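What follows is the residue order along each chain.
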Amino acid sequence: MNETEFLQKAIDNARNFQNFPDVLMAVSLHPEWLTMIPEDRKWAILHQIILSGNVNHLDQLLALQKSNKNFRLLTNTRDNYTILDITALRADTPDMKNRIQQLIKLDEMLNYAKDCEWDKCYEIIKENPSFVNEKPPYRRYYLIHHMACANAIEQFERFKEIKNCIFNLNLRADRKKINIIAREEKQPKFADYIEKSYPSLLDKDDSTFNDLYKASEEAKKRTDTINAVMEQKNIVKDLDNDLMGEPIKMKNRAEVMLHMNEIRTQQENELKNKSNQASKTEKDIDPEMLIDNLTCPLTLTVFIDPVIAADGFTYERSAITTWLKNNDRSPMTNQKLPNKDLNPNTVIKQIINALNLKS
C-alpha cells in the first residue's frame, strides 16, 4: 500500500466512523495528514472525526500534533465548512461542539498573548478565568509562559486582579519552570521578578517531579536504538508498508528482513518508473514528528509501556501512574481529566516494534 492509498483508507475509515486504530496509525506516522485534503476529497480526517462526535478520538489525534508547527485547528473543508459549521450538522453531539468552542477560544487567547495584544487577551480571561492555566494539546506554552517571553510583568500583575484568575506558577513547558523559560528567552527581568516574588516556588521540593521524569535504563537504550533507526532514508515509507501491508507478525526476524528488502526493491523500481508522478503525500515527511510521537512527554524517552490517558496523550505507564497519584489534571494541558483510566496504545507499540526489527 503506497502513501496515497494509506491516506485515502484513513479518510474513508474516519468518514465511516470505523477502524479508529487504523486512523490513529496513519496520523501517528504522518501527523500532517490530520488536516490534509487530497485533490479528490472535500474533507480531511479532522473534519470527519469532528462529525463523528467522538471527543476522545479527537483529543488523541490532536495530541499527535504537539510538534507539528504547521497544524492549524481552523482548517476549512474544501467546500468551505468551518469546524464549527461541522459541529452544527449534528444536534446529538453537544460534547464535541463544546470541545471545539473551548479549543478555538483558548487558541484565540494564546494567539493574542503571543502577539502581546494584552487587552484582547484580558477580556477572554475575564470571561473564562480558568483559561489562565489551560492550553490546547498542540500548544507548547500556557499564558504565563507567553508573559515570561514578553517580560510582561505589569500585565501579570494586572491579570491577577481579575476575579477567580489565579495563576498556577508550577506550570511547566518542556518540563521547565517559568523562570528558566524566561532566561532562555532572554528575559532576565521576568525571571528575577518571579524568583524574588515567589521564592517558595523555586525552593519547592522537586522530588515528585524527579521521580516523574526519571527514565529507566531500558527506555534510554531503546531511545538510542530508535533514534539510530530513524536516521535511515525513507524510514516512514517503509513503516507504511510494514504496518499497513500484509501482516508480518508471525514471521521470524530473517523472514521479516527479507520481506522488507523485497518491499524496498519494489519501491525503488516504482520510483524509477514513476519519478514524475510522486504524490503530494510523499513529500515533506518529517521523521522528527514521528519520533516525538513515540516519546513520552514526561520521561522524554521512547515508550516501553505506552498508555493513553483521558486527555488523549500517550505516556509511559509508570510516569503517568506517578502523576495521577496526586493529580486529577492533564500534565500536558492542565485541564481536568474526566477519569484516570489508562488504556494500552497498541498502535504506538506496533510502530516501535517495527522500528526495533530494523535495528
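Residues numbered from 1 in each chain as written. Predicted model: local features only at pLDDT ≥ 70, side-chain atom pairs only at ≥ 80, totals over all residues. Heavy atoms only, no water.

An unreviewed UniProt entry lists the protein chain under the name U-box domain-containing protein, with Rotaria sordida given as the organism.

Chemist: Describe the overall build of the protein chain, with residues and values.
Modeler: The helix and strand tally for the protein chain stands at 19 helices and 3 strands. Summing over all exposed atoms, the protein chain offers an accessible surface of approximately 18,300 Å²; the carbon and sulfur share of this is 47%. (Helix = DSSP H or I, 4+ residues; strand = E, 2+ residues; numbered from the N terminus. Areas by Shrake-Rupley, 256 points an atom, 1.4 Å probe, with all protein chains shown as cover.)

Chemist: Residues and numbers for the packing of helix 2 (residues 20-29) against helix 4 (residues 55-63), please.
Modeler: One can describe the packing of helix 2 onto helix 4 by two numbers: an axis separation of 10 Å at closest approach and a directional angle of 20 degrees. Considering the angle they form, helix 2 stands roughly parallel to helix 4. Along this stretch, helix 2 crosses helix 4, giving a crossing that reads as right-handed. Contact residues: helix 2 offers Phe20, Val23, Leu24 and Val27, while helix 4 offers His57, Gln60 and Leu61. When the residues that make up the contact of helix 2 with helix 4 are grouped by side-chain class, the tally is 5 nonpolar, 2 polar and no charged. (Axes fitted to C-alpha atoms, helices over the stretch in contact; angles between N-to-C directions. Parallel < 35°, antiparallel > 145°, perpendicular 65-115°, else oblique. Left-handed = near helix turned anticlockwise from the far one by under 90°. Contact = heavy atoms within 4.5 Å. Nonpolar A, V, L, I, M, F, W, Y, C, P; charged D, E, K, R; others polar.)

Chemist: How would you explain unusual backbone geometry if you had to name every residue and give the values?
Modeler: Residue Asn164 is not a glycine yet carries a positive backbone phi of 65 degrees. As for its position among the elements, Asn164 is in the loop between helix 9 (153-159) and helix 10 (178-184). You can call Asn164 exposed: its relative accessible area is 59%. For Arg175, which is not a glycine, the phi torsion comes out positive at approximately 70 degrees. Position of Arg175 among the secondary structure elements: in the loop between helix 9 and helix 10. (Buried < 20%, exposed > 50% of the residue type's maximum accessible area, 1.4 Å probe, protein only.)

Chemist: Mind laying out the sheet that holds strand 1 (residues 306-308), listing which residues take part and the relevant values?
Modeler: Within the open sheet, the 3 strands sit side by side as 2-1-3. Their pairing is antiparallel. The sheet is open, and its two borders are formed by strand 2 (314-316) and strand 3 (343-344), each paired with just one other strand. Alignment of strand 1 against strand 3, held across 2 bridges, turns out to be antiparallel. What sits directly across from Val307, in strand 3, is Pro344. Most of the contacts of helix 18 (residues 317-326) go to strand 2, to which it runs at about 95 degrees, and overall it touches strand 1, strand 2 and strand 3. (Pairing = 2+ DSSP bridges.)

Chemist: Mind laying out the nonpolar core, listing which residues take part and the relevant values?
Modeler: In this structure, Ile45, Leu61 and Ile351 are the most contacted members of the largest nonpolar core, which totals 66 residues. Here this core takes 7 residues from helix 2, the largest share from any one element. Apart from residues no more than four positions distant in its own chain, Leu61 is found in contact with Phe20, Val23, Leu24, Val27, Leu34, Ile45 and Ile49. Among the nonpolar cores identified, the runner-up in size contains 32 residues, and Cys121, Ile162, Phe167 and Ala191 belong to it. (Core = buried A, V, L, I, M, F, W, Y, C linked by side-chain atoms within 4.5 Å.)

Chemist: An account of the packing of aromatic side chains is requested, with residue identities and associated values reported.
Modeler: Tallying each qualifying case throughout the model produces 11 aromatic pairs. Taking 5.3 Å as the distance between ring centres and 85 degrees as the angle between the ring planes, the aromatic pair formed by Tyr122 and Phe159 counts as edge-to-face. Taken together, the positions of Tyr122 in helix 7 (residues 118-127) and Phe159 in helix 9 put the pair 37 residues apart, joining distant regions of the chain. An aromatic cluster of three or more residues is present, and its members are Phe156, Phe167, Phe190, Tyr193 and Tyr198. When the ring centre of Tyr122 is taken as reference, the NZ or CZ atom of Arg158 above it lies at 4.2 Å. (Phe/Tyr/Trp six-rings, centres within 6.5 Å; stacked < 30°, edge-to-face > 60°. Lys NZ or Arg CZ within 6 Å of the ring centre and 35° of its normal.)

Chemist: Residues and numbers for helix 7, please.
Modeler: Buried within helix 7 we find Trp118, Cys121, Tyr122, Ile124 and Ile125. The buried side chains of helix 7 occupy one side of the element, clustering within an arc of 165 degrees when seen end-on. In helix 7, those exposed residues whose orientation departs by more than 90 degrees from the buried face are Asp119, Lys126 and Glu127. Tucked inside the fold, the buried residues of helix 7 contact helix 6 (94-114), helix 8 (143-149) and helix 9. (Arc of directions from axis to C-beta.)

Chemist: Can you lay out the environment of Ala152 for me, pointing to particular residues and giving the numbers?
Modeler: Inspection of the secondary structure puts Ala152 in the loop between helix 8 and helix 9. Note: C-alpha distance between Ala152 and Lys189 (37 residues apart in sequence) is 9.6 Å. Apart from the residues lying within four places of it in its own chain, the contact partners of Ala152 are Trp118, Met147 and Phe190.

Chemist: Requested: an account of the pattern of salt bridges, with residues and values cited.
Modeler: Taken as a whole and judged by the stated rule, the model has 18 salt bridges. For Asp107, the salt bridge identified is with Arg139, shortest N-O distance 3.0 Å. With a gap of 32 residues between them, Asp107 in helix 6 and Arg139 in the loop between helix 7 and helix 8 connect regions that are remote in the sequence. Between Asp305 and Arg317 there is a salt bridge, with its nearest N and O atoms 2.7 Å apart. Residue Asp305 is found in the loop between helix 17 (287-293) and strand 1, and its partner Arg317 is found in helix 18; the two are separated by 12 residues along the sequence. A relative accessible area of 24% places Asp305 in the partly exposed class. Residues participating in the shared-partner salt-bridge network are Asp12, Arg15 and Arg41. (Salt bridge = Lys/Arg side-chain N within 4 Å of Asp/Glu carboxyl O.)

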